[in-house]
Amino acid sequence: MKIAFVIEHFNPRYGGQQVYMRDFAEFLIVRGHQVSFFTHDTNVTDERMNVVLIKLSPLSKIMRWMQWWSFLSQVKARVKS
């Protein structure tokens with residue numbers, strides 16, 4: 001099964017939620033699932049996890065809602081392809 005996680009920041013060294021997501025992804029990978037992360041900030045280097053970096057334009061960073069809209073729009077487009 002293909003499973004995608006969408007998270008703005010994915011740095012498991014710094015937060016409980018991010019550590020949990022990494023551990024859960026490892027659990028799923030061991031059981032044969034294909035796991036992808038869509039993020040715009042990460043320090044994960046595990047080759048078993050498909051990490052897709054979403055680049056945000058400087059213009060979208062002006063307002064928080066524009067940043068989220070840009071991020072989620074790009075994720076939606078990449079998941080469909």
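Rules behind the numbers
Residues numbered from 1 in each chain as written. Predicted model: local features only at pLDDT ≥ 70, side-chain atom pairs only at ≥ 80, totals over all residues. Heavy atoms only, no water. Buried < 20%, exposed > 50% of the residue type's maximum accessible area, 1.4 Å probe, protein only. Helix = DSSP H or I, 4+ residues; strand = E, 2+ residues; numbered from the N terminus. Pairing = 2+ DSSP bridges. Right-handed = clockwise from strand over helix to strand, strands pointing away. Expected span 1.5 Å × (residues − 1). Arc of directions from axis to C-beta. Contact = heavy atoms within 4.5 Å. Patch = residues over 30% accessible without salt bridge, like charges linked within 9 Å, V, L, I, M, F, W, Y side chains within 5 Å. Areas by Shrake-Rupley, 256 points an atom, 1.4 Å probe, with all protein chains shown as cover. Salt bridge = Lys/Arg side-chain N within 4 Å of Asp/Glu carboxyl O. Core = buried A, V, L, I, M, F, W, Y, C linked by side-chain atoms within 4.5 Å.

Overview of the pairing of strand S1 (residues 2-6)
One face of the sheet, then the other: side chains in a regular strand alternate in exactly this way.
Argument step 1. A one-sided burial pattern is seen for S1, the buried positions being Ile 3 and Phe 5 and the unburied ones Lys 2, Ala 4 and Val 6.
Argument step 2. Direction of pairing for S1 relative to strand S2 (residues 34-39): parallel, over a ladder of five bridges. Residue pairing in the sheet places Ile 3 in a bridge with Val 35 of S2.
Argument step 3. With helix H1 (residues 16-30) bridging S1 and the parallel S2, this β-α-β connection has right-handed handedness.

Things to note about H1
Argument step 1. Between its terminal C-alpha atoms H1 stretches 21 Å, which fits the 21 Å expected from 15 residues at 1.5 Å a residue.
Argument step 2. Residues of H1 that are buried: Gln 18, Met 21, Ala 25, Leu 28 and Ile 29. Mapping the buried residues of H1 onto a view down its axis gives an arc of 100 degrees, with all of them on the same face. Facing away from the buried surface of H1 by more than 90 degrees, the exposed residues are Gly 16, Tyr 20 and Val 30.
Argument step 3. Next to the buried residues of H1 lie S1 and S2.

A closer look at a nonpolar patch on the surface
Argument step 1. On the surface, a cluster of nonpolar side chains totalling about 660 Å² of accessible area is made up of Leu 59, Ile 62, Met 63, Trp 65 and Trp 69.
Argument step 2. Along the polypeptide, Leu 59 turns up in the loop between strand S3 (50-53) and helix H2 (64-80).

Topic: the nonpolar core
Argument step 1. In terms of nonpolar packing, the biggest core is built from 12 residues, these being Ile 3, Phe 5, Ile 7, Phe 10, Met 21, Ala 25, Leu 28, Ile 29, Val 35, Phe 37, Val 44 and Met 49.
Argument step 2. Of all the secondary structure elements, the ones that give two or more residues to this core are S1, H1 and S2.
Argument step 3. Looking at this core, the element that brings in the most residues is H1, giving four residues.
Argument step 4. In contact with Met 49, other than residues within four places in its own chain, are Arg 22, Ala 25, Glu 26, Ile 29, Val 35, Phe 37 and Val 44.
Argument step 5. Grouped together as the second largest cluster of nonpolar side chains are six residues, Phe 38, Val 52, Ile 54 and Phe 71 included.

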